Amino acid sequence: MTTRIDCQERDARDPLAALRDQFDLPQGVIYLDGNSLGARPKAALARAQHVIAQEWGHDLIRSWNTAGWFDLPRRLGDRLAPLIGAAAGEVVITDTTSVNLFKALAAALQMQADDPQRAARRVIVTERSNFPTDIYMAEGLSAWLARGYTVRLVDAVDELPQAIDDETAVVLLTHVNYRTGYQHDMAATSTLAHARGALIVWDLAHSAGAVPVDLHAGGADLAVGCTYKYLNGGPGAPAFIWVPARHQARFRQPLSGWWGHAAPFAMTPHFTATDGIGRALCGTQPVVSLAMVECGLDVFAQTTMDAIRAKSLALTDLFIALVEQRCAAHPLALVTPRAHALRGSQVSFSHPHGYAVMAALIARGVIGDYREPAIMRFGFTPLYTSFADVWDAVEILRDILDRQAYDVHAKRDAVT
Ligand SMILES: *Cc1c(COP(=O)(O)O)cnc(C)c1O
């Protein structure tokens, strides 16, 4: 039987333990929601102070050049690239994930439309269980283009081989499911899509900084993802988009703003896309927010995704085992796959009163979140979550369940 002392011993042996000190976490909080909003790197405060007081306040507009503001989407993209198996010059940090999905999907559809062999394909395949904005953006783009595109929703992973057919233009999948934590086999699924003549766009919102990703080895065509989740970039921090070098010349996206122009300051009245990844940009970036992304990346630069993955699996294994041992009397059902290869860096359990139980946990300082239907979601972020945190979180959960100390009539907050 595992004890709290065992957990503390694991913390003492944990090669990543020291990194926790680089985050500002409030006393009395066990933060298991870094999959939704990453914790604040301590360095972000001084960095924000510098950007606001010095770069903006003192240097004013000169900072576009002197502080490298103009280059920031590319420079930070290059720093993110190794975490997702991308090369330099293939990633920019810009806009939101939803907007980048629009650009990536539009570009992928256009690449197919430009190919005489594939120009008649009109179907976008994705999963019904995908994060809603991914489906909504695909729907919106399809309707807007008015070229007869439709979105085909697949209900189970094993239906993908049947659903991806010779009508399929693009497959859009989220690598790690936001609700269940299920992780797709990227290489196998990309191979399947390509064998059927489709392109594949991967959403890495719950993968970047959470699990090792190798976009090149995984055969991805385009990818997008968030920086405010596992990458700890701050609330609403700009997202990223990846266009591999092999597709850049063919990549055309409809949000052809001046930041994607070959000569933005030539101020010509017609758009000519710049070469390279810059063509994925649109307009002026939220520089203060963008600058914060670097503070998160600075922490990742001190370790490897393999080390993070090893600890992530150890944390999620421990959480599953402890919940199943110590809360066995309660109607909790594991939603996340047990197989390591199929698991991201979160664990979801359903409970008939999931919302109320999660509200009670949050009131006791164990911050996870709730997703319909009845799912309590716990994100594990190896940079700042300890094994003792896992023990303590499960003990608080057990106590709440044993005493039924939750309010089944709890009023829902606007953001769950
Ligand atoms: C979090 C998340 C998003 C968020 O998109 P925003 O544009 O940042 O609101 C999109 N897709 C997936 C799969 C996500 O998990």
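As annotated in an unreviewed UniProt entry, the chain is Kynureninase from Rugamonas brunnea. Of the chain, the UniProt comment under Sequence similarities (unreviewed entry) reads exactly: "Belongs to the kynureninase family." Note on the chain: under the UniProt heading Function (unreviewed entry), the record states "Catalyzes the cleavage of L-kynurenine (L-Kyn) and L-3-hydroxykynurenine (L-3OHKyn) into anthranilic acid (AA) and 3-hydroxyanthranilic acid (3-OHAA), respectively."

**A closer look at the site of the ligand**
By nearness alone, 13 residues border the ligand, and Ser98, Asp134, His206, Tyr228 and Lys229 come closest of all. Between the ligand and histidine 206, the relevant distance is 2.9 Å, taken from an oxygen atom to a side-chain nitrogen or oxygen of the residue. Contact with the protein chains covers 86% of the free accessible surface of the ligand, which is 390 Å². Tallied by class, the residues present in the shell around the ligand amount to 4 nonpolar, 6 polar and 3 charged.

**A closer look at the packing of aromatic side chains**
This structure, assessed with the given rule, holds 12 aromatic pairs. Arranged with centres 5.0 Å apart and planes meeting at 85°, the rings of phenylalanine 131 and tyrosine 178 form a pair that is edge-to-face. Taken together, the positions of phenylalanine 131 in the loop between strand 5 (123-127) and helix 6 (132-145) and tyrosine 178 in the loop between strand 7 (168-174) and helix 8 (186-195) put the pair 47 residues apart, joining distant regions of the chain. The aromatic ring of tyrosine 149 is capped on one face by arginine 122, whose charged end is 4.8 Å from the ring centroid. When the ring centre of phenylalanine 131 is taken as origin, the NZ or CZ atom of lysine 229, which lies over that ring, is 5.3 Å away.

**Things to note about the UniProt feature "modified residue: N6-(pyridoxal phosphate)lysine" (unreviewed entry) in the chain**
If you check UniProt for "modified residue: N6-(pyridoxal phosphate)lysine" (unreviewed entry), the listed places come out as Lys229 in our numbering. Turning to its location among the elements, lysine 229 is positioned in the loop between strand 9 (222-225) and strand 10 (240-242). In this structure, lysine 229 is in contact with Gly34, Asn35, Ser36, Leu37, Gly38, Ala205 and His206, ignoring residues within four places of it in sequence.

**Re the layout of surface pockets**
Roughly 310 Å³ of volume is contained in the largest pocket. As for the largest pocket, its lining consists of 16 residues, and the residues nearest its centre are Ile362, Gly368, Asp369, Val415 and Thr416. Those elements that place two or more of their residues in the lining of the largest pocket are helix 12 (354-363) and strand 14 (369-371). Of the residues in the lining of the largest pocket, the class split is 9 nonpolar, 3 polar and 4 charged. Reported here for the second largest pocket is a volume of approximately 270 Å³. Together, 19 residues line the second largest pocket, and Gly38, Ala39, Arg40, Gly234 and Pro235 are the ones closest to its centre. Elements represented by at least two residues in the lining of the second largest pocket include exactly strand 3 (40-41) and helix 10 (287-300). Here the lining of the second largest pocket is built from residues that sort into 12 nonpolar, 5 polar and 2 charged. Viewed by domain, the lining of the second largest pocket spans two of them, domain 1 (4-31 + 304-403) and domain 2 (48-301), each represented by three or more residues.

**Examining the domain arrangement of the chain**
Here the domain parsing of the chain yields domain 1 (4-31 + 304-403) and domain 2 (48-301). Taken residue by residue, the interface counts 26 residues in domain 1 and 18 residues in domain 2. Here domain 1 and domain 2 share an interface that buries about 1,800 Å² over both sides, 62% of which is from carbon and sulfur atoms. It is Met305, Leu342 and Gln346 that lose the most area in domain 1 upon contact with domain 2, and together they represent 27% of the buried surface on that side. Applying the counting criterion to the domain 1 and domain 2 interface returns 0 salt bridges. Between the two partners, domain 1 and domain 2, sit 10 residue pairs in polar contact (both at pLDDT 80 or more). Sorting the residues of the side of domain 1 that touches domain 2 by element identifies helix 11 (305-326), strand 12 (346-350) and strand 15 (375-379) as the ones contributing at least two each. The element best represented in the side of domain 1 that touches domain 2 is helix 11, accounting for 4 residues. Here the side of domain 1 that touches domain 2 is built from residues that sort into 13 nonpolar, 7 polar and 6 charged.

**Description of the UniProt feature "binding site: pyridoxal 5'-phosphate" (unreviewed entry) in the chain**
Feature annotation in UniProt assigns "binding site: pyridoxal 5'-phosphate" (unreviewed entry) to the following positions: Thr97, Ser98, Phe131, Pro132, Thr133, Asp134, Thr174, Asp203, His206, Tyr228, Trp258 and Thr284. With a sequence span of 188 residues, these residues are also far apart in the fold, their greatest C-alpha distance being 30.3 Å. Considering the arrangement of structural elements, one finds threonine 174 in strand 7. Residues within four places of threonine 174 in sequence aside, it is in contact with Asn130, Asp134, His184, Trp202 and Asp203. In this structure the side chain of threonine 174 is engaged in a polar contact, spanning 3.4 Å, whose partner is the side chain of aspartate 134.

**Some points on the environment of valine 176**
Within the secondary structure layout, valine 176 lies in the loop between strand 7 and helix 8. Valine 176 sits 31 residues away from serine 207 along the chain, and the two C-alpha atoms are 6.0 Å apart. Among residues more than four places away in sequence, those in contact with valine 176 are Gly181, Tyr182, Gln183, His206, Ser207, Val211 and Gly344.

**Describing helix 8**
Three or more residues of helix 8 are buried, namely Met186, Thr189, Ser190, Leu192 and Ala193. Along the long axis of helix 8, the arc covered by the buried residues comes to 160°, so they all point the same way. Exposed residues on helix 8 whose side chains face more than 90 degrees from its buried face are Thr191 and Ala195. Those residues of helix 8 hidden inside the fold are in contact with helix 7 (160-163), strand 7 and strand 8 (199-203). Where helix 8 begins, the side chain of aspartate 185 points an oxygen toward the backbone nitrogen of alanine 187, at a separation of 3.3 Å. Looking at the residues trailing helix 8, positive phi occurs at glycine 197, about 85°.

About the thresholds
All residue numbers here refer to positions counted from 1 along the written sequence of the relevant chain. Confidence filtering applies because this is a predicted model: local features only for residues at pLDDT of at least 70, side-chain atom pairs given and counted only at 80 or more, and all residues used for totals across whole chains, interfaces and linings. Values shown for side chains rest on all heavy atoms present in the structure; no hydrogens or waters enter the calculation. UniProt positions are given in the numbering used here, feature names are shortened, and annotations may be inferred rather than shown by experiment. We define proximity as follows: a residue is near a molecule or strand when any one of its heavy atoms falls within 4 Å of that partner. N or O atoms closer than or at 3.5 Å make up a polar contact, with two conditions inside protein: a donor-capable atom paired with an acceptor-capable one, and, for residues adjacent in sequence, both atoms drawn from side chains. Each accessible area is a Shrake-Rupley result for a 1.4 Å probe, and residues are judged covered by the shown protein chains and nothing else. Each residue receives one of three labels: charged for Asp, Glu, Lys and Arg, nonpolar for Ala, Val, Leu, Ile, Met, Phe, Trp, Tyr, Cys and Pro, and polar for the others, Gly being one of them. Each aromatic pair joins two rings of Phe, Tyr and Trp (for Trp, the six-membered one) with centres within 6.5 Å, and gets the label stacked for planes under 30 degrees apart, edge-to-face for over 60, and tilted for any other angle. Numbered from the N terminus, helices here are DSSP runs of H or I no shorter than four residues, and strands are runs of E no shorter than two. Here, a charge over a ring means that NZ of Lys or CZ of Arg falls within 6 Å of the ring centre while also lying within 35 degrees of the ring normal. Every residue pair with non-hydrogen atoms within 4.5 Å of one another is taken to be in contact. In the cavity and pocket records, a cavity denotes points on a 1 Å grid over the protein atoms alone where a 1.4 Å probe fits but cannot get out, a pocket denotes an open set with protein on both sides within 12 Å along at least 5 of 7 lines, and lining residues are residues with an atom within 4 Å of a point. Grid points are joined across faces, edges and corners, and a volume is the space filled by probe spheres set on the points. For the domain bounds, the source is a domain assignment made automatically or taken from a database. Here's the idea: put two parts together, see how much 1.4 Å probe accessible area each one loses, and the total over both is what we call buried area. Any carboxyl oxygen of Asp or Glu within 4 Å of a side-chain nitrogen of Lys or Arg constitutes a salt bridge here. The rule is simple: take the accessible area with a 1.4 Å probe, protein chains only, and divide by the maximum for that residue type; under 20% is buried, over 50% is exposed, in between is partly exposed. Our arc is simply the arc of the directions from the helix axis toward the C-beta atoms.

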